[in-house]
Structure formats: structure tokens, C-alpha cells
Amino acid sequence: MRYSKQRELVLQKVEQLCDHPTAEEIFGLAVRECPGLSLGTVYRNLNSLVDAGRVRRVSIPGKADRFDHTLGWHSHLYCNCCGRVVDADVDEKQVMKLVRNQKGVVQDCAVVLFGLCEACAAKQAQ
């Protein structure tokens, strides 16, 4: 992948935000440092970074994709209350056991849980 100032800026924003930002959130921060930046450029650079294995895409059905700088396999929880995406504690061994037992060839696996994040669950418990 060729070096690009804009791509590097997009990567920096994904790493700085640390909260699984959307392309629009990344754009909102990056455009402050690079006023000529367009949302389309952010999307293109995010796709390039995903293809190059530098950023992970977190797909939430019916919602905007999120982007994660943590590259190792892990799961996510989408909060139905506040819309945050947080890392989830899922037993990787159990997931890999499910994957191994499938017929055919599994090429990728993503676990996204839907529910309440810790903060929203605490608020509802009060």
C-alpha cells in the first residue's frame, strides 16, 4: 500500500477514537486537520486499510459499519440503547469449535452480540 497523508490521518483517527467509530465520526475529526478531506475519501481509505489488514470492519446489520484498530480476533456487543459498540468477552475456543463443526469451508467468523452495554444495563437496573 502506497503512503498517503490522508490514509495515515484516517488510521490515526481510528486508533485515537478507540470506540469503534463510524466513517462519519472519523471524518468529523479528520476534517479539522485536513479541511479539504471528503467523506468519500475517508470511506475509500477505510476500505483500503481494511483490505490491507490494518483496520477491522465491524458490521452491525442495519447500522453503519464501525472500524476497529484491534486486529486480533475478538467479539463485539452492540448496545440497543445507546448505540455504542464495545468489545465483548466471548470464549474464542467455543466459537472455533462451532466453526470447525461446519460443513464446507468457513472463511471468516464474526460474533456480534445485541443487548445493553454495561453503562446502560446499570442505568436500567436502578
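Residues numbered from 1 in each chain as written. Predicted model: local features only at pLDDT ≥ 70, side-chain atom pairs only at ≥ 80, totals over all residues. Heavy atoms only, no water.

### Quick notes on the overall build of the chain
Looking only at helices and strands, one finds five helices and five strands in the chain. For the chain, the α and β elements follow one another from N to C terminus as α-α-α-β-β-β-β-α-β-α. Dimensions of the chain along its principal axes, counting C-alpha atoms only, are 45 × 45 × 20 Å. Scored against the burial criterion, the 126 residues of the chain give a buried share of 33%. Considering only intrachain contacts with a sequence separation of at least 6, the fraction spanning at least 24 residues in the chain is 48%. Accessible area of the chain: about 8100 Å², with a carbon and sulfur share of 49%. Separation of charge centres in the chain, based on 17 positive and 15 negative side chains, amounts to 4 Å. (Helix = DSSP H or I, 4+ residues; strand = E, 2+ residues; numbered from the N terminus. Buried < 20%, exposed > 50% of the residue type's maximum accessible area, 1.4 Å probe, protein only. Contact = heavy atoms within 4.5 Å. Areas by Shrake-Rupley, 256 points an atom, 1.4 Å probe, with all protein chains shown as cover. Lys, Arg positive; Asp, Glu negative; His and termini not counted. Charge placed at Lys NZ, Arg CZ, Asp CG, Glu CD.)

### Quick notes on the confidence of the model for the chain
Per-residue pLDDT for the chain has a mean of 93; in total, 99% of the residues score no lower than 70. Within the chain, the element-level pLDDT minimum falls on helix 4 (residues 92-100), averaging 90, and the maximum on strand 2 (residues 66-68), averaging 97. (pLDDT = per-residue confidence, 0-100.)

### A closer look at the pairing of strand 3 (residues 75-79)
Within strand 3, five of the five residues are buried, which leaves it mostly tucked inside the rest of the structure. Neither face of strand 3 is exposed, since Ser-75, Leu-77 and Cys-79 on one face and His-76 and Tyr-78 on the opposite face are all buried. With four bridges connecting them, strand 3 and strand 4 (residues 85-88) associate as antiparallel partners. The residue bridging Ser-75 from the neighbouring strand is Ala-88, located in strand 4. Of the strand pairs in this sheet, strand 3 and strand 5 (residues 112-115) are connected by four bridges, and their pairing is parallel. (Pairing = 2+ DSSP bridges.)

### Digging into the layout of surface pockets
Summary: where empty space remains is shown by rolling a probe the size of a single water molecule over the atoms. The volume enclosed by the largest pocket comes to roughly 240 Å³. Surrounding the largest pocket, 14 residues form its lining, Arg-56, Arg-57, Asp-108, Cys-109 and Ala-110 being those nearest its centre. In terms of residues, the lining of the largest pocket owes the most to one element, strand 1 (residues 56-58), which gives three residues. Among the residues forming the lining of the largest pocket, the class breakdown is eight nonpolar, three polar and three charged. (1 Å grid on protein atoms, 1.4 Å probe; cavity = no way out; pocket = protein on both sides within 12 Å on 5 of 7 lines; lining within 4 Å. Points joined across faces, edges and corners; volume = space filled by probe spheres on them. Nonpolar A, V, L, I, M, F, W, Y, C, P; charged D, E, K, R; others polar.)

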